[in-house]
Amino acid sequence: MRILPLGTGPFAVPTFRWLLDSSHQVPALVTRPTQAAKGREKASLNPMRDLAEKRGVEVYAPDSINTEEARQKLAAWQPDLLVVCDYGQILSRDLLAVAPLGGINLHGSLLPKYRGAAPVHWAVYNGDAETGVTVIHMTPRLDGGPCLAVRRTPIGSEETMAELEQRLSMLGIEAVQEAIEKLTRWDRVSPIGEIQDQSQATKAPRLKKTDGAVDWTRTAEQIRNQVRAFKPWPATYTHWLRAGAEPLRILLDQVSVVS
């Protein structure tokens, strides 16, 4: 199968590496433009671009994926399927139609729970005991397509977001494999996958720096989960209000609950 991956962040890297090592043809990588991070001299990292360049894969990084120029560019590669993960833009119906099999998306939650940009962060923040990955057959609706493959895993009581995200990214390889195998047998007419229960949908919005501020009305366990969820960014912090001096910002890096 001729597969075109779209991805930017580290969550997509294991699946991209598997695709490159598989029998599938990967004509290029579509990724987001690398932009300078605020407050830093160096450009922000794009691990997907790094891997593509290391393996000699062509890289295409449009500002917007839903322009006619981008659609024509993708169509020229004649993909059978788009594989999207940690990309950062919602694909239009016209763009998904570029590939005969449409697109699949690897998402870091048990959909329909935690639709949005930060599913792993919010699962840890809310103290969930279990999470997983879901591969959906894509529609223009955010994370709303039918589910083709699911993998579940418990969340460790001390596990940070970064540790959990790394595990989930590896778990996603098998889920993507299963989804692709289902699509190879699909007649392209019959319904495929399990329809999501919209009444169970929850949101996982993109994080803001202010999300890291501690609300001291929350329980000790909730604050501990926040510290685990928001490492390394936006980090968890509070302010020490000092008489006659500017408030001192204090970072909470590791906390324990003592009964």
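If you're wondering where the values come from, they're calculated on a predicted model, not measured in any experiment.

A. Expanded view of the packing of aromatic side chains. Inspection of every chain in the model, using the stated rule, returns 4 aromatic pairs. Summarising the aromatic geometry, the rings of Trp122 and Tyr125 are spaced 5.1 Å apart at their centres and angled 75° between planes, so their arrangement reads as edge-to-face. Separated by 3 residues within a single helix, Trp122 and Tyr125 lie in helix 5 (residues 119-125), roughly one turn from each other. For the pair shown, Trp122 and Tyr125 are each scored as buried. By relative accessible area, Trp122 is classed as buried at 14%. Against the face of Tyr60 rests Lys73, its NZ or CZ located 5.6 Å from the ring centre.

B. Just the nonpolar core, in detail. Within the largest apolar cluster, 45 residues are counted, with the highest numbers of intra-cluster contacts made by Phe16, Leu81, Ile104, Trp122, Val135 and Leu183. At the level of elements, helix 1 (13-21), helix 2 (47-54), strand 4 (81-85), strand 5 (103-107), helix 5, strand 6 (130-137), strand 7 (147-154) and helix 6 (161-184) are the ones that each hand at least two residues to this core.

C. Looking closely at the pattern of salt bridges. Following the criterion strictly, the structure yields 14 salt bridges and no others. We note a salt bridge from Arg151 to Glu178, for which the minimum N-O separation is 2.7 Å. With Arg151 in strand 7 and Glu178 in helix 6, the pair connects residues that are 27 residues apart, well separated along the chain. In this structure, Asp211 engages Lys208 in a salt bridge whose closest nitrogen and oxygen atoms are separated by 3.5 Å. One network of salt bridges, in which partners are shared, links Arg151, Glu174, Glu178 and Lys182.

D. Fine view of the side chain of Asp143. Structurally, the position occupied by Asp143 is in the loop between strand 6 and strand 7. Within the buried set, Asp143 has no salt-bridge partner at all; the shortest N-O distance to an opposite charge, 6.3 Å, is to Arg115. Residue contacts for Asp143: discarding those within four places in its chain leaves Asn105, His107, Leu111, Arg115, Gly116, Ile136 and Gln196.

Definitions and cut-offs
Residues numbered from 1 in each chain as written. Predicted model: local features only at pLDDT ≥ 70, side-chain atom pairs only at ≥ 80, totals over all residues. Heavy atoms only, no water. Phe/Tyr/Trp six-rings, centres within 6.5 Å; stacked < 30°, edge-to-face > 60°. Helix = DSSP H or I, 4+ residues; strand = E, 2+ residues; numbered from the N terminus. Buried < 20%, exposed > 50% of the residue type's maximum accessible area, 1.4 Å probe, protein only. Lys NZ or Arg CZ within 6 Å of the ring centre and 35° of its normal. Core = buried A, V, L, I, M, F, W, Y, C linked by side-chain atoms within 4.5 Å. Salt bridge = Lys/Arg side-chain N within 4 Å of Asp/Glu carboxyl O. Lys, Arg positive; Asp, Glu negative; His and termini not counted. Contact = heavy atoms within 4.5 Å.

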